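Chains, contacts and geometry: an overview
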Amino acid sequence: MAVSDKIRQTYTPVIGIECHVQLKTKTKLFSAVSNDARDAKPNTLISHIDVGLPGALPVLNQAALELATRAAFALNTSPQTFSKFDRKHYYYPDLPKGYQITQYEDPFIKGGYVEIRVDGIIKKINITRAHLEEDAGKNTHPAGTDYSLVDLNRAGTPLLEIVSEPEIASPVEAKAFARELYLLMKYAEVSDVDLYLGNMRFDVNISVSQQVGRFGNRTEIKNLNSFRSVESAVAYEIDRQIELSEKGEAVVQETRGWDEATQKTIPQRGKEEAHDYRYMPEPDIPPIELDQKLVNRIKSELPKLPSEIRRILNKLSITKNVAEDILDNSEVFNKLSSALNLGINEEVARRLAFDSLENSATLKIRVQDHIKVAESVVSKTLSSNAANDALQKLIKNPDSDVTKLISDNSQVSDEADLNGIVTEVLTQNQSAANDVKSGELKAIGFLVGQVMANSQGKANPQIAQQLIKKQLGL
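Here's what I pulled together on the structure shown here. In this text, all values refer to a predicted model and were calculated from it rather than measured experimentally.

Thresholds applied
Residues numbered from 1 in each chain as written. Predicted model: local features only at pLDDT ≥ 70, side-chain atom pairs only at ≥ 80, totals over all residues. Heavy atoms only, no water. Helix = DSSP H or I, 4+ residues; strand = E, 2+ residues; numbered from the N terminus. Rg over C-alpha atoms; globule rule 2.2 N^0.38 Å. Buried < 20%, exposed > 50% of the residue type's maximum accessible area, 1.4 Å probe, protein only. Contact = heavy atoms within 4.5 Å. Areas by Shrake-Rupley, 256 points an atom, 1.4 Å probe, with all protein chains shown as cover. Axes fitted to C-alpha atoms, helices over the stretch in contact; angles between N-to-C directions. Parallel < 35°, antiparallel > 145°, perpendicular 65-115°, else oblique. Arc of directions from axis to C-beta. Polar contact = N/O pair within 3.5 Å; in protein donor to acceptor, adjacent residues only side chain to side chain. Pairing = 2+ DSSP bridges. Phe/Tyr/Trp six-rings, centres within 6.5 Å; stacked < 30°, edge-to-face > 60°. Lys NZ or Arg CZ within 6 Å of the ring centre and 35° of its normal. Salt bridge = Lys/Arg side-chain N within 4 Å of Asp/Glu carboxyl O. Core = buried A, V, L, I, M, F, W, Y, C linked by side-chain atoms within 4.5 Å. Expected span 1.5 Å × (residues − 1).

A word on the overall build of the protein
- A tally of helices and strands in the protein yields 16 helices and 16 strands.
- Taken against the 2.2 N^0.38 rule, which gives 23 Å for 474 residues, the C-alpha radius of gyration of the protein at 30 Å runs more than 25% over that of a compact globule.
- For the protein, the spread of C-alpha atoms along the three principal axes comes to 95 × 55 × 50 Å.
- In the protein, which comprises 474 residues, the share counted as buried stands at 47%.
- For the protein, long-range pairs separated by at least 24 residues make up 68% of all intrachain contacts whose partners lie at least 6 apart in sequence.
- Accessible surface computed for the protein: about 24000 Å², of which carbon and sulfur atoms make up 48%.

Below you can see the structure in the form of structure tokens.
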């Protein structure tokens with residue numbers, strides 16, 4: 001597709017995202033069956049409730065309510081004190097009972113927002129609602145066959161479906177929203193957020209229009225499971241709809257899929273509306289009335305969320321890009337947080353974060369030992385190379401004596417100790433010394449190297465260079 005920037009700028013995209021978040025409960029939403037299907041064989045984690053056998057009565061999992069309450073606070077709102085379940089009627093092979101238990105009229109969460117940052121500008125994307133529901137099973141279609149396979153292990157898995165307002169205006173904003181939602185659910189400990197395993201799946205609704213305030217026909221792209229695919233699918237679909245409009249053809253309101261191999265959206269089925277599902281109140285589950293003491297307790301136990309973590313990292317003068325790298329790796333922040341609780345300064349904190357991002361194996365090192373190495377680099381007792389050597393030894397043998405490692409690899413930073421070595425090097429290398437005095441400053445690197453060699457690699461190179469210049473009168 002070839003849509004020029006000039007034509008693209010005459011259209012306004014309107015984008016909304018629905019995100020299905022799998023709650024990290026031990027059991028399913030309405031049955032006492034394991035919610036962890038990673039290593040399970042197909043159709044081994046099911047019960048009479050999951051497949052809707054006659055007489056089967058669902059029982060609501062309280063842990064799911066508590067996790068959904070955490071999600072509400074992460075979305076900058078509070079859970080509804082009253083909510084209830086409904087039946088959404090449709091049939092697919094992976095939903096054998098013919099309906100899904102979900103929430104329609106009275107969802108668990110109303111309102112809230114997610115803040116995203118694009119090109120340094122903060123934008124608030126409002127949340128319409130977030131409701132609890134059970135997942136369906138999974139169909140697979142073996143290549144080269146004329147049949148499909150059904151695995152119901154996922155049927156009944158607890159989901160929280162988070163629905164944004166249609167306030168996202170570009171592929172980059174869509175990607176930023178998906179990532180921020182991922183971080184919020186991760187740090188609020190609502191979900192394992194493993195995108196590869198489908199713990200979070202994004203459905204994106206897109207329309208384009210040349211008239212401000214009016215929406216075009218929308219399409220929905222289902223089951224995107226990476227931030228990159230969200231961005232790419234939105235970009236492709238915007239251009240596809242613009243191209244149709246430019247040709248005078250109508251955009252068909254439909255559900256589409258994303259083909260990662262071809263980087264194109266493909267039609268799947270016509271888009272259903274609410275009346276197609278014949279919603280009715282769920283008769284087997286009473287309404288949810290939250291106890292305020294429970295809500296208050298959950299709020300008080302909420303871990304640090306991305307906004308607070310960014311403020312902490314900003315106070316440490318850690319750049320925004322590095323801060324985002326740390327957020328992507330919660331183990332790095334957890335270690336940094338433990339170190340901060342021990343009273344380290346900003347420079348040591350930055351060094352510890354740098355080590356942890358550069359080599360994830362350093363996360364295995366005891367916090368106190370890692371702090372000592374980082375402090376030695378900051379004080380110039382250890383060079384960066386010597387510090388890396390010490391860290392590698394601690395990784396291989398966590399019980400190593402860190403004080404001895406630092407002592408064995410420490411730099412000579414005392415000017416009195418280094419002056420004699422520098423004098424000796426200058427005497428032995430008169431030609432290089434004269435080159436430096438005549439303005440060929442590259443020769444100073446050679447002299448610093450000689451000082452390092454004569455000191456068995458322990459000289460502080462910065463101080464050695466300063467002393468060379470001083471003795472040469474520069």
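Structural notes on the packing of helix 10 (residues 367-378) against helix 11 (residues 384-396)
- Taken N-terminus to C-terminus, the directions of helix 10 and helix 11 make an angle of 170 degrees; their axes are 10 Å apart at the nearest point. On the basis of their axis angle, the class for helix 10 and helix 11 is roughly antiparallel. When helix 10 is examined against helix 11, the residues D369, H370, V373 and V377 are found in contact with a partner set consisting of A387, L391 and L394.

Overview of helix 5 (residues 292-300)
- Among the residues of helix 5, L294, V295 and I298 are the ones counted as buried. End-on view of helix 5: buried residues confined to an arc of 100 degrees, all on one side of the axis. Exposed positions of helix 5 whose direction lies more than 90 degrees from the buried face are K293, K299 and S300.
- Residues of helix 5 that are buried in the fold lie against helix 2 (62-74).
- The N-cap residue of helix 5 is D291: its side-chain oxygen and the backbone nitrogen of K293 are 3.2 Å apart.

Considering unusual backbone geometry
- For D119, which is not glycine, the phi torsion reads 55 degrees and is therefore positive.
- Along the chain, D119 turns up in the loop between strand 6 (113-118) and strand 7 (121-134).
- Backbone geometry at S317 places phi at a positive 60 degrees, although glycine is not the residue there.
- Note that S317 resides in the loop between helix 6 (306-315) and helix 7 (320-328).

Focus: the pairing of strand 3 (residues 86-89)
- Side-chain alternation along strand 3 places D86 and K88 on one buried face and R87 and H89 on a second face that is also buried.
- Note that strand 3 and strand 4 (residues 99-102) share four bridges and pair antiparallel. Considered in strand 4, the bridge of H89 is made with Y99.
- Relative to strand 15 (residues 280-281), strand 3 runs antiparallel, the two being bridged by two bridges. Along strand 15, the bridge assignment pairs D86 with P281.

Side note on the packing of helix 3 (residues 171-187) against helix 6
- Packing of helix 3 against helix 6 leaves a shortest axis separation of 9 Å and a crossing angle of 95 degrees. One finds that helix 3 runs roughly perpendicular with respect to helix 6. On helix 6, the residues that touch R179, E180, L183, L184 and Y187 of helix 3 are P306, I309 and R310.

Focus on the packing of aromatic side chains
- Under the criterion given, the structure shown has seven aromatic pairs.
- Between the aromatic rings of Y182 and F227, the centroid separation amounts to 5.3 Å while the plane-to-plane angle is 75 degrees, which identifies the pairing as edge-to-face. One end of the pair, Y182, is in helix 3; the other, F227, is in helix 4 (residues 227-246), and 45 residues separate them in sequence.
- Here Y182 falls in the buried class, since its relative accessible area comes to 15%.
- Since its relative accessible area comes to 17%, F227 is described here as buried.
- One aromatic cluster in this structure is built from Y90, Y92, Y104, Y277 and Y279.
- Over the ring of Y99 we find R87; its NZ or CZ atom is 4.1 Å from the centre of that ring.
- The ring of Y113 has K124 lying over it, and the distance from NZ or CZ to the ring centre is 4.3 Å.

Here's the deal with the pattern of salt bridges
- According to the stated counting rule, one finds 31 salt bridges in the structure shown.
- Linking D86 and K84 is a salt bridge whose minimum nitrogen-to-oxygen distance equals 3.4 Å.
- Owing to a relative accessible area of 3%, D86 belongs among the buried residues under this scheme.
- Between R310 and E180 there is a salt bridge, with its nearest N and O atoms 2.9 Å apart. Residue R310 is located in helix 6, and its partner E180 is located in helix 3; the two are separated by 130 residues in the primary sequence.

Quick look at the nonpolar core
- Within the largest apolar cluster, 90 residues are counted, with the highest numbers of intra-cluster contacts made by I17, L160, I162, F177, M185, M200 and F202.
- Ranked by the residues each element gives to this core, the list is headed by helix 3, at ten residues.
- Residues within four places of M185 in sequence aside, it is in contact with V21, A71, A74, L75, I162, V190, S191, V193 and M200.
- Among the nonpolar cores identified, the runner-up in size contains 19 residues, and I421, V422, L447 and L467 belong to it.

Looking at the sheet that holds strand 4
- Strand order in the open sheet formed by three strands is 4-3-15, with antiparallel pairing between adjacent strands. Lying at the two open borders of the sheet, with one neighbouring strand each, are strand 4 and strand 15.

Remarks on helix 2
- Taking 1.5 Å of rise per residue, 13 residues should cover 18 Å, and helix 2 covers 19 Å from first to last C-alpha, within 8% of that figure.
- Burial analysis of helix 2 places ten of its 13 residues in the buried class, the great majority of the element.
- Within the span of helix 2, buried status applies to A64, L65, L67, A68, T69, R70, A71, A72, F73 and A74.
- Of the surrounding secondary structure, the elements contacted by the buried residues of helix 2 are strand 5 (109-110), strand 7, strand 10 (158-164), helix 3, strand 16 (288-289) and helix 5.
- Where helix 2 begins, the capping side chain belongs to N61, and its oxygen is found 3.0 Å from the backbone nitrogen of A63.
- Backbone geometry just after helix 2 places N76 at a positive phi near 65 degrees.

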